[in-house]
Amino acid sequence: MFSAEQSCWFVRKVIWWRAAASIAWAVILLPPATAVFVTLSRFSLLHPIQSISECLSFLTSTTAIFSFILLCGVILLVGFLNLEYYTVIPSIPCSKIALFGQLLHPRQFVISLVHCSMGVIVAWCCAVTIGGRYQALGYPCTQSDGSPQLCLNEHHLILLLAGAFVGFTHSLLGVIHNMNYVSFHTVQQYRYLQFKGSLLLVVKSSATQALYSIRNYIVLYFFLGYIPRAWICKTLNLRLNSFLHPLDTIAGLLDVSLLYHLWISGTFLLFTWYITMQLFRIFVTEVCSFPVQSSFTEEAHQCLPKVLTAKQPVILKFLALQDLALLSQHSPSRRSEVFSLSQPGGHPHYWNDISKECLSLLMDLTQRLVAYHDTVATNGRAKAQSAGSNRKTLSETSGSSGTEDVMTPKPNAMIKTPTSVFTRSTIGSLHSPLAAPFTPDLDSPFSSPALRCLTAPVEQCSPWYGSVQSPHIMRRAPKLWSTSTDSQTTGSPPPTPASVPSPKPAASKPSLLAQFLQNRKEQVKNFLAKRELIMYLFNKLPEASSQALFADSQAHIWALEGLSYLVQASFSEDQFGVVQTTLPSILSCMLVLQEAVDRHFKLPHASSKPVRAASSIGDSTYKTLRFALRATLKTAIYRITTTFGEHLNAVQMSAEHRKRLQQFLEYKE
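Conventions used here
- Residues numbered from 1 in each chain as written.
- Predicted model: local features only at pLDDT ≥ 70, side-chain atom pairs only at ≥ 80, totals over all residues.
- Heavy atoms only, no water.
- Helix = DSSP H or I, 4+ residues; strand = E, 2+ residues; numbered from the N terminus.
- Buried < 20%, exposed > 50% of the residue type's maximum accessible area, 1.4 Å probe, protein only.
- Contact = heavy atoms within 4.5 Å.
- Areas by Shrake-Rupley, 256 points an atom, 1.4 Å probe, with all protein chains shown as cover.
- Patch = residues over 30% accessible without salt bridge, like charges linked within 9 Å, V, L, I, M, F, W, Y side chains within 5 Å.
- Salt bridge = Lys/Arg side-chain N within 4 Å of Asp/Glu carboxyl O.
- Phe/Tyr/Trp six-rings, centres within 6.5 Å; stacked < 30°, edge-to-face > 60°.
- Axes fitted to C-alpha atoms, helices over the stretch in contact; angles between N-to-C directions.
- Parallel < 35°, antiparallel > 145°, perpendicular 65-115°, else oblique.
- Left-handed = near helix turned anticlockwise from the far one by under 90°.
- Nonpolar A, V, L, I, M, F, W, Y, C, P; charged D, E, K, R; others polar.
- Disulfide = S-S within 2.5 Å.

Peer 1: Which parts of the structure should I look at to understand the overall build of the protein?
Peer 2: Counting secondary structure elements, the protein contains 26 helices and 2 strands. The buried share among the 669 residues of the protein stands at 48%. Across the protein, the fraction of contacts at a sequence separation of at least 24, relative to all contacts at a separation of at least 6, is 81%. In the form shown here, the protein has an accessible surface area of approximately 32,900 Å², with 63% of it arising from carbon and sulfur atoms.

Here it is as structure tokens:
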């Protein structure tokens, strides 16, 4: 266990500097982007030379310098928000009401308010840059009685309100499309090549989103534009020019020049924000190499085995697993360090720590898949078991073979969610909200009492009390569902830790008031269940639940690649045979996970691939992680069987696992 200061060393020494570098590059790219905006907003086809001279004179004026300083401040704030709220595990709402809960969260309200303020600042800079009728909010005018007055410049006002609306829309779409999600590229590229490849997408997304936002804003201003106009006039003591048409009319809004300037300003606003976000993604996901061994005790916590097993931020865990996958493929010298023995003692601590962490990740995913399938198969109702069948099943499983007592992925009393994988990785990662669980909402008015019984916490006196994530707790060997003959013949399901009998105090009879309240609660639930709108909001989304289940599967993909490539390399590079001791566990874990994944893809909506948005800056790769995991898992098993071939017949494993492995050896899987 390391101190909190040591556990955050990566955030202080790496992440913050990478975020600062991304912000610096965004500021460096701001002058050419501003020059392009000035040219597009002021250029005239009838007077090209005069337009170019005006653009050059404006870019060297004090107004342009002051606007540039304000835009730099906005970029700094956008970069800070990116650093504060980025996540490598997306938050996927599994129902409409969960999505509304995210949009109406108080923190999201504050973020939306900040984006609106930044939108107003950028819009003011755009208005000053365009000049002409957008120059200022008020201008001197003469009323019908001939008296001089200060009138409201509605063109300036509509541009400021457009910036606020675009900022607010960007904030909401960020929640809906998970724009704070940072994904890792499968193909490693230099930063320049990544930026060059994404620049066209950023421009296209900015222009498209600005077009949709301005369209919605024009409709909203047509119906409600008089409200902010009247408030501004009353607050600043301005008058409306009676000789001009108000802009909240059809004649006022059908102005091509106005619509063009609104759209080009919205595009510039979104481009500066999107380019800052894209640069942050590129810098933060850059490959980081961790030493396998360290000669100094002070740097021991920075070694790859310690980073994988200790309490670390989630981004550090992901980068460490990415480094493991890369070194297992492309670095023979670092692989030899993994296979080496520690001195003194001659123990394979490096391989043991790495393999144990990878197997723990894979077993956790298997547990979640089993628990999810059981919940879906029973439609949220717990399976009924008699005491006799429990005793019989427990007595049968207690006499199983030694190889079957290594690691059985049994569902926990609480159904696992994607957050459970990195429960011990949350120290120091306040900026990483984890994925929304697929666990049924127990507070929902439509959750059954049986489901609450299924997900009830384990009693403290139960032998299963505590976290089964600990590597010191022995697990039984994985049994494939096709071999669950006990449950088929006896008619009872296999035992789970939650079904182990534990002494409970005698239940007291509920009072009349409690019975009355319970009856009223059931009546309210039955009444609401008959309302289609309520059911539409509370019903689970099957595809979203499957996506949330595999939201953190990028870590499992790297764990599979790292293990399989290391096992493959051990055939010729492992001089001490350290990998052979854990080869049965690795094969059994992969086979049972493969069975669980195959069973999951037989569920409805699990095998349907979502359609990717053509011009969206939001990263939607998390929607297809389950397909990548299935392909990686099958490839990893084939990689091992192809390398070892018939030598795997000497590996100790159960008959069912050997039968399944034979399918891979014969290329029939």
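Peer 1: How should a nonpolar patch on the surface be read in this particular structure?
Peer 2: Nonpolar side chains collect at one region of the surface, where V219, L220, F222, F223, L224, Y226, I227, I250 and L254 lie side by side and expose about 890 Å² of accessible area between them. Going through the elements one at a time, α9 (191-224) and α10 (226-236) are the ones with two or more residues in the nonpolar patch. Here V219 is to be found in helix α9.

Peer 1: What is the right way to read the packing of aromatic side chains from this model?
Peer 2: Remark: the centre distance and the inter-plane angle together describe each pair of aromatic rings, the angle taken between the planes. All chains considered together, the criterion is met by 18 aromatic pairs. On the numbers, 6.4 Å between centres and 50° between planes, the contact of Y260 with W263 is tilted. In this pair, Y260 and W263 both sit in helix α12 (residues 256-284), 3 residues apart, roughly one turn of the helix. Looking at Y260, the relative accessible area reads 32%, which means it is partly exposed.

Peer 1: In this structure, what is going on with the packing of helix α6 (residues 96-103) against helix α8 (residues 154-176)? I would like to understand it.
Peer 2: Relative orientation and spacing of two packed helices are given, respectively, by the angle between their axes and the distance between those axes. As a packed pair, α6 and α8 sit with axes 10 Å apart at the nearest point and diverge in direction by 140°. By the angle between their axes, α6 is oblique relative to α8. Both α6 and α8 take part in a crossing whose hand is right-handed. Contacts between α6 and α8 pair L99, Q102 and L103 from the former with L172, V175 and I176 from the latter. A breakdown of the residues in the contact of α6 with α8 according to their chemical character gives 5 nonpolar, 1 polar and no charged.

Peer 1: Hey, could you run me through the packing of helix α24 (residues 583-600) against helix α26 (residues 655-665) in this one?
Peer 2: Between α24 and α26, the least distance of the axes is 10 Å, while the angle of their chain directions is 80°. With respect to α26, the element α24 is oriented roughly perpendicular. Together, L587, S588, L591, Q594, E595 and D598 of α24 and H657, R660, L661 and F664 of α26 make up the contact between the two elements. In terms of residue class, the contact of α24 with α26 is made up of 4 nonpolar, 3 polar and 3 charged.

Peer 1: Sorry, what's going on with the state of the cysteines here?
Peer 2: Note: disulfide means a covalent bond formed between the sulfur atoms of two cysteine side chains. Counted under the stated rule, the structure contains 1 disulfide. Note on cysteine connectivity: C141 is disulfide-linked to C151, with sulfurs 1.6 Å apart. Here C141 and C151 share a disulfide; its torsion about the S-S bond, 55°, makes the bridge right-handed. With C141 in strand β1 (residues 138-142) and C151 in strand β2 (residues 148-152), the pair connects residues that are 10 residues apart, well separated along the chain. The exposure classification of C141 matches that of C151, with both residues buried. Here C126 stays unpaired: no disulfide links it, and the sulfur of C125, its closest cysteine neighbor, is 6.9 Å away. Accessibility expressed as a relative area gives 1% for C126, which makes it buried. Looking at C358, it has no disulfide partner, and the nearest cysteine sulfur is the one in C589, 9.8 Å off.

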